[in-house]
Amino acid sequence: MSPRPRLVVALVVGSLLAVFLAYQALFNSGTLLVSVAQLRSDTDGAAQKQVTLTGTVVRASRNGSPMRFVLRDESSRQTVPVSYRGSVPDAFQTSRRVIVTGRLEHGVFVAKPDTLLTKCPSKYTSGGS
Amino acid sequence: MLAVYATAGGVMAGLRRDRRTMRSAQNAFAAAVVSALVAIAALEYGLVTHDFSLSVVAEHTSRKLPLIYTITSLWASQEGSLLLWLLVLTGAATIALHQNRHRNRELMPWVAAVMGAITVFFAGMASFVSSPFAHVAGAVPRDGTGLDPSLQNIYMAAHPPMLYLGYVSMSVPFAFAMASLITGRADARWLVSVRRWTLVSWTGLGIGMLLGAHWAYVEIGWGGYWAWDPVESAALMPWLAATAFLHSIMVQEKKGMLNVWNMVLVIAAFALCLFGDFLTRSGVVQSVHSFVQSAVGPYLLAFLAAVLAFSVGLLIVRLPTLRADHKLESVISREATFLFNNLLLLALAFAILWGVVFPILSEAVRGVRATVAAPYYDFFLVIFGLPLLALTGIGPLIAWRRASPRSLWRMFRWPVISALAGAVLLWLAGFGSSPAGLTALSLCVFVTVTIAIEFARGTSARRALAGGSWPRALLDLINRNRRRYGGYVVHLSIVLLVVGVTASSAYSTVREAHLAPHQSLRIDGYTLRNDGVFQRKGPNYTLDFVRLTVLRNGRPDGVLNPGQRQYDTGQVGNEVDIRSSYATATDLYSILQGVDNNGSGGVSVKVLVNPAVGLVWLAGIVFALGALITIWPDPREARQLARRYGELLARSEA
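Not measured: the values here are computed from a predicted model.

*Asks:* Just to check I follow, could you spell out the packing of helix H14 (residues 374-394) of chain B against helix H16 (residues 435-466) of chain B for this structure?
*Replies:* How two helices pack is summed up by the angle between their axes together with the distance between the axes. Residue and element names in this part refer to chain B. Direction vectors running N to C along H14 and H16 enclose 20 degrees, while the axes themselves pass 8 Å from each other. Considering their axes alone, H14 and H16 lie roughly parallel with respect to each other. Crossing angle aside, the handedness with which H14 passes H16 is left-handed. Every residue of H16 that contacts H14 at Val 382, Leu 386, Leu 389, Ala 390, Thr 392 and Gly 393 is listed here: Ala 436, Thr 439, Ala 440, Leu 443, Phe 446, Val 447 and Thr 450. Here the contact of H14 with H16 is built from residues that sort into 9 nonpolar, 4 polar and no charged.

*Asks:* Is there a simple way to explain the nonpolar core in this structure?
*Replies:* If you look at soluble globular proteins, the nonpolar side chains tend to sit buried side by side. All names here are of chain B. Within the largest apolar cluster, 203 residues are counted, with the highest numbers of intra-cluster contacts made by Leu 86, Val 111, Ala 241 and Ala 269. The element that contributes the greatest number of residues to this core is helix H9 (residues 189-220), accounting for 18 residues. Once residues lying within four places of it in the same chain are set aside, the contact partners of Ala 241 are Leu 265, Ala 268, Ala 269, Leu 272 and Ala 349. Formed by 17 residues, the second largest nonpolar core is a distinct cluster that contains Tyr 589, Ile 591, Leu 592 and Val 609.

*Asks:* Sorry, what's going on with unusual backbone geometry here?
*Replies:* Residues apart from glycine generally show negative phi values, whereas peptide bonds are mostly found in trans. Residues and elements named next belong to chain B. Of note in this structure, His 518 is not a glycine but carries a positive phi near 65 degrees. Assignment of secondary structure puts His 518 in the loop between strand S2 (509-515) and strand S3 (520-523). The backbone of Ala 612 shows a phi angle near 60 degrees, a positive value even though the residue is not glycine.

*Asks:* Is there a simple way to think about the pairing of strand S7 (residues 563-567) of chain B in this case?
*Replies:* Looking down a regular strand, the side chains alternate between one sheet face and the other. All names here are of chain B. As judged from the 5 bridges shared by strand S5 (residues 541-552) and S7, these two strands associate in the antiparallel manner. Note on S7: the bridge partner recorded for Thr 542 is Gln 566. Of the pairings in the sheet, the one linking S7 to strand S8 (residues 572-575) comprises 4 bridges and is antiparallel in character. Bridging from a neighbouring strand, Gln 566 pairs with Val 572 of S8.

*Asks:* Looking at this structure, I do not really get the environment of Val 445 of chain B. What am I missing?
*Replies:* Residues and elements named next belong to chain B. Relative to the assigned elements, Val 445 resides in helix H16. Separated by 28 residues in sequence, Val 445 and Ile 417 place their C-alpha atoms 9.9 Å apart. With residues near it in sequence (within four places) discarded, Val 445 still touches Ser 418, Ala 419 and Gly 422.

Conventions adopted
- Residues numbered from 1 in each chain as written.
- Chains lettered and ligands numbered in written order.
- Predicted model: local features only at pLDDT ≥ 70, side-chain atom pairs only at ≥ 80, totals over all residues.
- Axes fitted to C-alpha atoms, helices over the stretch in contact; angles between N-to-C directions.
- Helix = DSSP H or I, 4+ residues; strand = E, 2+ residues; numbered from the N terminus.
- Parallel < 35°, antiparallel > 145°, perpendicular 65-115°, else oblique.
- Left-handed = near helix turned anticlockwise from the far one by under 90°.
- Contact = placed C-beta atoms within 7 Å.
- Nonpolar A, V, L, I, M, F, W, Y, C, P; charged D, E, K, R; others polar.
- Core = buried A, V, L, I, M, F, W, Y, C linked by C-beta atoms within 7 Å.
- Buried ≥ 20, exposed ≤ 12 C-beta atoms within 10 Å, placed from the backbone.
- Pairing = 2+ DSSP bridges.

Just geometry here; none of it tells us what the structure is for.
Structure below.
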């Protein structure tokens, strides 16, 4: 009654792969990672869809909901205003490099809640191996 | 101090040439432990006496830092953590060689050689690339820059050493596997020696991850504890591979199957450990953790490539000697269940790995940088994790070789019936809002019942045999079969973890609000009222906090004081306030997001109700307990091992 084990194992491996590939194909899960300059110049259609944006904070205020700040490109002088609500990392402040996910709407980068991350430029490692 | 250090490196290098004389190799490792200790002691002395001429000290501590964090800041820096890494590595090598001094005579020289090679690499890194005793350029500063505030936490003091223990002790199973391949003695003997080491590594990684998660939960303050950050994934991947390995070695020990597979797993686990270290230190992917573009990165990558090339090459050369003794007879058997468990674990690890390297791959292939986010990982955790959970229940009960449908029904009728009943009850109670959550919780019922049945059956059999009281029989049972029942305890902790994670992620409630003075917000039966904003001066910060009075059914039910610290250095730190209920394990979690500038006393707050999150931490304690039961040395097991070892020897020589 039991089918040949080898066949079943092969089928299981196959179906795991299939799930993986199907997810990649259907959801195209990757979001584009762009700089402020790329967002401004609409590289790869970055201004039309949801992207993950990296930049340096120039004007920051922790108050207001949604909170507003301006990001500057790391290698040019271009900037973009960001509107964000949700939790703010401890290290968020002017001149920090941050990454945030959202989309450009009428010249303002509207971020998804709770997607703001800071990168710390100071010589300091997390300890969290 | 540099001299002390160079000597340590020299001793380790000398060891490579001495590998034939085992005693000397063993002593060399012991000497290496001593030099690593001396180096650490020297650095600690520098830290504690505030010797700011050392750049490590100047950059990670300050005079105001409390003593305990001054001591633990050793592993806040990369240089210091390399030293700790070396200490654990040489310590593990010494213990492994000492344990096996009368066993595995052909294997041990090669084990020593492989461990030696790994040690030489890391010692080289610490001596030449990232020296912990480098001096600051220019004038000696009067005070250090201080330790990042979020690291001044007791969980952060314990989390890195745990992870190092996990990452590093994986090199022992790897060394044994390589030795076994080099000598061509590819029977199951090496497995016997490495099971406990794998357990140590696996336990270290598991507890390390949970400590880190708890730290994030109480300190970082976004209301969660796991964010699929690449560095978190970095520790999860080897843990998954090690879990697969721990299960499949049972199949090889008992049935002589999956020999090649086990080699692949141990190589994968070790490579993933190195990869994890690389991810953390290289800054190659966008991560909240990868702060430093460090010089160590390229070397680690090269070492990883060399290790992979060497071990995979060796495996291919030795492939003919790894023939399995038996074939899989039926898909309804314990072997098959373990195999599927392995496949699922590896599939999950691979999906995570894909997610982590996706930005790099997509830049290389399409020229576009892209990343994947939490929904990607969550999808695979659910799609691969739920069947895995079901197998956790099935595996321990199903027969080896071949199980008949009739015996299956006898074994599983109660677990299946209770899981279905549980599903209906949960659905009626309104848990249907998340189908994945409902499935996960029902599977948890299934697994719990199978484990309970196993314990009940074993205990009553033990009682019939030896008499005595029930608790006595239960303790006896666990004591006599530590591997088996310790394993069940670990399974139980996985169930607790799944319940905690499921409930706190699928059924949590979040409210954000701006509250004027005396205004209140409602969440899940709680009412929180803004009863004023206060300020307090700390040693190196100013704390602003809001007093939120909690009301439940109109009656006062405690106070929450979430705040924000403004450090003198200009940094800001969230001080969340969490109220845990021990009865329901539910947390009321409050975050102060901002205080109005105009002095009106208005605040922006975020409040979460995280049900059953306490079970996640409880799972950690149960996990540690179960792991301890399985690791604890057992003279009875040692005798059994000696016998099995003899049998294997006889078989391999026959």
